[in-house]
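Now for the letters of each chain:
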Amino acid sequence: MRGLSGALATAALSSRNGVSRSWALPDAWPGRPMQLARTEFDLEVSSIEVNFTGARRTAVAVNGQVPGPLLVWPEGEIITVRVKNRLTVPTSIHWHGVIVPSDMDGVPGVSFAGIPPGESFVYRFRVNQSGTYWYHSHSRFQEQVGLYGPIVIVPRGGQRHAADREHVVLLSDWSDTDPEHIYRTLKLQSGYYNYRQQTVADFLHSVHQQGWKSAVGERRMWGEMRMNRTDLADVSGHTYTYLMNGVPPAGNWTGLFKPGERVRLRLINGSSMSFFDVRIPGLKLSVVAADGPDIEPVSVDELRVAAGEVYDVIVSPQEERAYTIFAQSIDRSGYARGTLSPRPGLESEVPAMDPRPLLTMTDMGMGMGPDTSMGPMVDSVAADPRRDLDDPGVGLRGNGRRVLTYSDLRTLAPPIDTRSPSRDIVLHLTGHMERFVWSFSGRKFSASEPLKFNYGERLRLVLINDSMMNHPIHLHGMWGEIEGPDEKVLVRKHTINVQPAQRVSYFVTADAIGRWAYHCHLLYHMEAGMFREVHVNA
Amino acid sequence: MPSTSLLLLACAVQAQAPAVDTNHVPPDPPRQVMGEMTYQDMVSMMQMDDTHRFGKVMLDQLEWRGAQEGGAGAWDAEGWYGGDYNKLWIKTEGERLAGRTLDASSEFLFDRVIARWWDAQAGIRQDFGKGPARTWLAVGVQGLAPYWLDVEATMYVGNEGRTAARVKADYDLLLTQRLILQPYAEANLYGKADPDRQMGSGLSDIELSLRLRYEVRRELAPYLGLGWFKRFSGTAELARAAGEGSDEVELVAGLHVWF
């Protein structure tokens, strides 16, 4: 249990059941003590009243809290989770990044029938991996309204990257508006939540900066394509309040440390639609795990965490002072914030958000081609997609800080499989921003056939992002091993973000029999069609 | 024998390259396999359906116009219902002066996506207001032209060999995130004069206007504007004969609302 210490260990020991809340929730937070075995859990999904913004709203909670309780599982054990649905609608829980049999994977209509109101479902599986993961509902918009929580799987052989203390830092996005209404709004006016569009003043500014000809030329180019350079987040801080461990910025979630300690932060992006750029001014972040598995440590100032992604970082605060954990959204319309502090009640300066980024030529590759072969619901096609895994992405380029990129990541364990892939499956990430339609290769889920993987085969999945947005793509049941130069495996991930106009290829060994979900982890993109079913047939 | 073959495979891989993660354990096959099901069964279980239909009502212009003859009311409204590919549209526009409806029309159209930025529309148009009612068959396109120009262009065929065309275009110029200047243009053409409705043949009338709206919310924006309304040739003569102007600059004030 070395390394599992500090708040987490204390909580885990005090409840002696593996269920703990390592974060400080507001006193008014409903929550009840649970006495469960370390491998057996009783979870209850119900509606609760919450107040994140000053307005009372209804959320979907696990055991009466949002986020749900931290589940601590020992690697190698059989875990039993009984989930009782106390909602008036069906529910489900998916164990994001945890490899389980397909009937335990928690996707209604794909892996099981869902959990009807008033009924229970017993999940039972052996965990054969370790690291930080999370769980969330796979039913409608329940993830948006609170059904998510962290999982820590404690490695059998102890932590490879030692820390004296650890905290879960679960980031999410909350809206007081009903997600059904948000989705409808995006369908009716896709730019509704974007209050950072280019104005006349911006144009005059660029005339002043670059001269009339260049400024007009730039506007012309984007205007001809009918592409909006500020379209970074479909749902923004205009409606979202960004939460850290369920606490809004004003609530200042605080994690404690003693100067000189090595503190492990388990960063989870459990949001529905948000990318967070995370940094702690004054501290280097040593990234030691990506999507669960340990990686070769890499020291950075900042990292972007896409929806569904998970990173463990170790920080070593030396001074007896507070440090701000700052997680600004990709469009700089808001941030989640908390504090690492030697004692409760301290605060440090909250940095100003970076300027609103604009999509650039890089995000277009070598330009968006006139190709219309994928149909009218594809508004752009990357003519010559880029393969630059060392690009930190829009808004993070050249910001003076060392920013993590995918090319920095090296899983410590060897690859799952070293065979060369027997075939390639190429999928385009496509969409129409104005019509708010999202798809793989121009086909919405409703118009698609399941992808067929042959059991045992080694595949290369090639994702080409033809759209001007980032898409974090999540494959259930099987790891994706990102391909570097010379067919080398760089890193093992469950959620792979593909930047605009980028081509990312990764290997998958189809060793998981069953039906699986494969989708964009931006919730409203998935609902709008960016979802495929994968069949692995024996 | 899937597990055996995988085992053999794993052994083969092991022999050839030892650097394979032996700690990785694939999941067991499912005990309960979900049977084949239709898309509808699947989406009702998933509660996720990308073919869901939506509807929108837009009162683009609902305004008072300071005409020479006194204050006039005018409207230009649309609504649609449907999925991503096929929709039903209703459009209506017209003007009321001194308690009388002047030139007004409503359209009922079927709308189908035909290209990235364009929809085709077909249906009927009914003219009402002053003079006898007229009914037309309508065929047109609607979409987003380069540089974010909203465009509608529709051709009409009516009784007794009548033909007509209507073109509309507008553009949103963002002065700030909420203060938006909208240039708007509309032109109506008729193939044949219709004196009963005070329409000459050829280019009948145009509107060029500028509306400055403030989006209190996206869905609710009061506006002020200036419109130049001009009637041409035959239509202008018929208007003059009826004692009306053919060329007016009017102040407009109204509400832009959608839901």
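These figures come from a predicted structure and were not determined experimentally. (Residues numbered from 1 in each chain as written. Chains lettered and ligands numbered in written order. Predicted model: local features only at pLDDT ≥ 70, side-chain atom pairs only at ≥ 80, totals over all residues.)

## Details of the overall build of chain B
Here is step 1 of the chain: Broken down by element type, chain B carries three helices and 13 strands.
Here is step 2 of the chain: For chain B, whose C-alpha radius of gyration is 29 Å, the value lies well above the compact-globule estimate of 18 Å for 259 residues.
Here is step 3 of the chain: On the principal axes, the C-alpha backbone points of chain B span a range of 100 × 45 × 30 Å. (Helix = DSSP H or I, 4+ residues; strand = E, 2+ residues; numbered from the N terminus. Rg over C-alpha atoms; globule rule 2.2 N^0.38 Å.)

## Describing the overall build of chain A
Here is step 1 of the chain: When its secondary structure is counted, chain A shows five helices and 33 strands.
Here is step 2 of the chain: Against the compact-globule benchmark of 24 Å for 538 residues, chain A has a radius of gyration of 22 Å, which places it among compact chains.
Here is step 3 of the chain: A principal-axis box enclosing the C-alpha atoms of chain A has dimensions of 65 × 55 × 50 Å.
Here is step 4 of the chain: The 538 residues of chain A split such that 58% are buried. (Buried ≥ 20, exposed ≤ 12 C-beta atoms within 10 Å, placed from the backbone.)

## Observations regarding the sheet that holds strand S18 (residues 310–315) of chain A
All names here are of chain A.
Here is step 1 of the chain: Across the sheet, six strands lie side by side as S11-S10-S13-S18-S15-S16; this open sheet has mixed pairing. Each of the sheet's edge strands pairs with one partner strand only, and the pair in question is strand S11 (240–244) and strand S16 (294–300). Within this sheet the neighbouring strands show an average axis-to-axis angle of 25 degrees, counted without direction.
Here is step 2 of the chain: Pairing between strand S10 (residues 165–175) and S11: five bridges, direction antiparallel. The residue bridging Ser 172 from the neighbouring strand is Leu 243, located in S11. (Pairing = 2+ DSSP bridges. Axes fitted to C-alpha atoms, helices over the stretch in contact; angles between N-to-C directions.)

## Topic: the nonpolar core
Here is step 1 of the chain: Grouped together as the largest cluster of nonpolar side chains are 155 residues, with contacts concentrated most on Ile151(A), Leu171(A) and Ala327(A).
Here is step 2 of the chain: Not counting the four nearest positions on each side in its chain, Ala327(A) is found in contact with Leu171(A), Tyr242(A), Met244(A), Phe276(A), Asp277(A), Val278(A), Tyr335(A), Ala336(A) and Arg337(A).
Here is step 3 of the chain: Leu109(B), Ala138(B), Ala164(B) and Met199(B) belong to the second largest nonpolar core, which has seven residues in total. (Core = buried A, V, L, I, M, F, W, Y, C linked by C-beta atoms within 7 Å. Contact = placed C-beta atoms within 7 Å.)

## Some details on the interface of chain A and chain B
Here is step 1 of the chain: Listed by partner, the interface residues are 57 residues for chain A and 46 residues for chain B.
Here is step 2 of the chain: For the side of chain A that touches chain B, the secondary-structure elements that each account for two or more residues are helix H2 (179–188), helix H4 (212–225) and strand S32 (514–520) of chain A.
Here is step 3 of the chain: It is H2(A) that provides the largest number of residues to the side of chain A that touches chain B, a total of three residues.
Here is step 4 of the chain: Partitioned by chemical class, the residues of the side of chain A that touches chain B number 25 nonpolar, 17 polar and 15 charged. (Nonpolar A, V, L, I, M, F, W, Y, C, P; charged D, E, K, R; others polar.)

## Topic: unusual backbone geometry
Here is step 1 of the chain: Pro67(A) follows Val66(A) through a cis peptide bond whose omega is -5 degrees.
Here is step 2 of the chain: Position of Pro67(A) among the secondary structure elements: in the loop between strand S3 (57–62) and strand S4 (70–74).

## Here we look at the pairing of strand S2 (residues 70–82) of chain B
If a strand is regular, its side chains alternate between the two faces of the sheet.
Residue and element names in this part refer to chain B.
Here is step 1 of the chain: Strand direction decides the pairing type here: strand S1 (residues 54–67) and S2, joined by 13 bridges, are antiparallel. From the neighbouring strand, Glu 63 faces S2, where its bridge partner is Ala 74.
Here is step 2 of the chain: The turn linking S1 back onto S2 is made up of two residues.
Here is step 3 of the chain: Sheet analysis places S2 next to strand S3 (residues 86–97), joined by 11 bridges and oriented antiparallel. Residue pairing in the sheet places Gly 73 in a bridge with Arg 96 of S3.
Here is step 4 of the chain: Hairpin remark: S2 followed by S3, antiparallel, with three residues in the connecting loop.

## Looking at the packing of helix H3 (residues 200–210) of chain A against H4(A)
All names here are of chain A.
Here is step 1 of the chain: Close contact between H3 and H4 brings their axes to 7 Å; oriented N to C, the two are set at 135 degrees. What the angle tells us is that H3 and H4 run oblique. In the packing of H3 onto H4, the handedness of the crossing is right-handed. Here H3 contributes Phe 203, Ser 206, Val 207 and Gln 210 to the contact with H4, which in turn contributes Trp 212, Ser 214, Ala 215, Glu 218 and Arg 219.
Here is step 2 of the chain: A breakdown of the residues in the contact of H3 with H4 according to their chemical character gives four nonpolar, three polar and two charged. (Parallel < 35°, antiparallel > 145°, perpendicular 65-115°, else oblique. Left-handed = near helix turned anticlockwise from the far one by under 90°.)

## Some thoughts on helix H3 (residues 233–241) of chain B
Residues and elements named next belong to chain B.
Here is step 1 of the chain: Turning to H3, its buried residues number three or more, namely Gly 234, Thr 235 and Leu 238. The buried residues of H3 occupy an angular sector of 100 degrees when the element is viewed end-on, so they sit on one face.
Here is step 2 of the chain: Lining the buried residues of H3 we find strand S11 (202–214) and strand S12 (220–231).
Here is step 3 of the chain: Just downstream of H3 lies Gly 243, where phi reads positive at about 80 degrees. (Arc of directions from axis to C-beta.)

## So, the pairing of strand S28 (residues 480–483) of chain A
Residue and element names in this part refer to chain A.
Here is step 1 of the chain: Residues Gly 480 and Ile 482 line one face of S28 and the alternating positions Glu 481 and Glu 483 line the opposite face, and both faces are buried.
Here is step 2 of the chain: Relative to strand S29 (residues 489–493), S28 runs antiparallel, the two being bridged by four bridges. By the bridge assignment for S29, Gly 480 is matched with Lys 493.
Here is step 3 of the chain: In sequence, S28 turns back onto S29 through a hairpin of five residues, with Asp 486 there showing a positive phi of about 55 degrees.
Here is step 4 of the chain: Of the pairings in the sheet, the one linking S28 to strand S31 (residues 503–509) comprises two bridges and is antiparallel in character. Residue pairing for S31: Ile 482 is matched across the bridge by Tyr 506.

## So, the sheet that holds strand S24 (residues 437–440) of chain A
In a beta sheet, neighbouring strands are held together by backbone hydrogen bonds and run either parallel or antiparallel to one another.
Residues and elements named next belong to chain A.
Here is step 1 of the chain: Taken in spatial order, the six strands of this open sheet run S24-S23-S26-S31-S28-S29, and their pairing is mixed. Looking at strand neighbours, the two that pair on one side only are S24 and S29, the edges of this open sheet. Going across the sheet, the axis of each strand differs from the next one's by a mean of 25 degrees, ignoring polarity.

## Regarding the confidence of the model for chain A
Here is step 1 of the chain: Per-residue confidence for chain A gives a mean pLDDT of 92; residues scoring 70 or more make up 93%.
Here is step 2 of the chain: Confidence over residues 1–37 of chain A falls short of pLDDT 50; this stretch has 76 contacts with residues more than four positions distant or in other chains. (pLDDT = per-residue confidence, 0-100.)

## Digging into the confidence of the model for chain B
Detailed reading of the predicted coordinates is not advisable wherever pLDDT falls low.
All names here are of chain B.
Here is step 1 of the chain: Here chain B shows a mean pLDDT of 91. Residues at 70 or above account for 93%.
Here is step 2 of the chain: Mean pLDDT across the elements of chain B ranges from a minimum in helix H1 (residues 2–16), with 50, to a maximum in strand S7 (residues 149–158), with 98.
Here is step 3 of the chain: This complex was scored by the predictor with a pTM of 0.93 and an ipTM of 0.91.

## Focus on the environment of Leu186(A)
All names here are of chain A.
Here is step 1 of the chain: Counting through the fold element by element, Leu 186 comes out in helix H2.
Here is step 2 of the chain: In this structure, the C-alpha to C-alpha distance between Leu 186 and Glu 49, residues 137 residues apart in sequence, is 26 Å.
Here is step 3 of the chain: Excluding residues that lie within four positions of it along the chain, Leu 186 makes contacts with Tyr 192, Asp 234, Phe 436 and Tyr 524.

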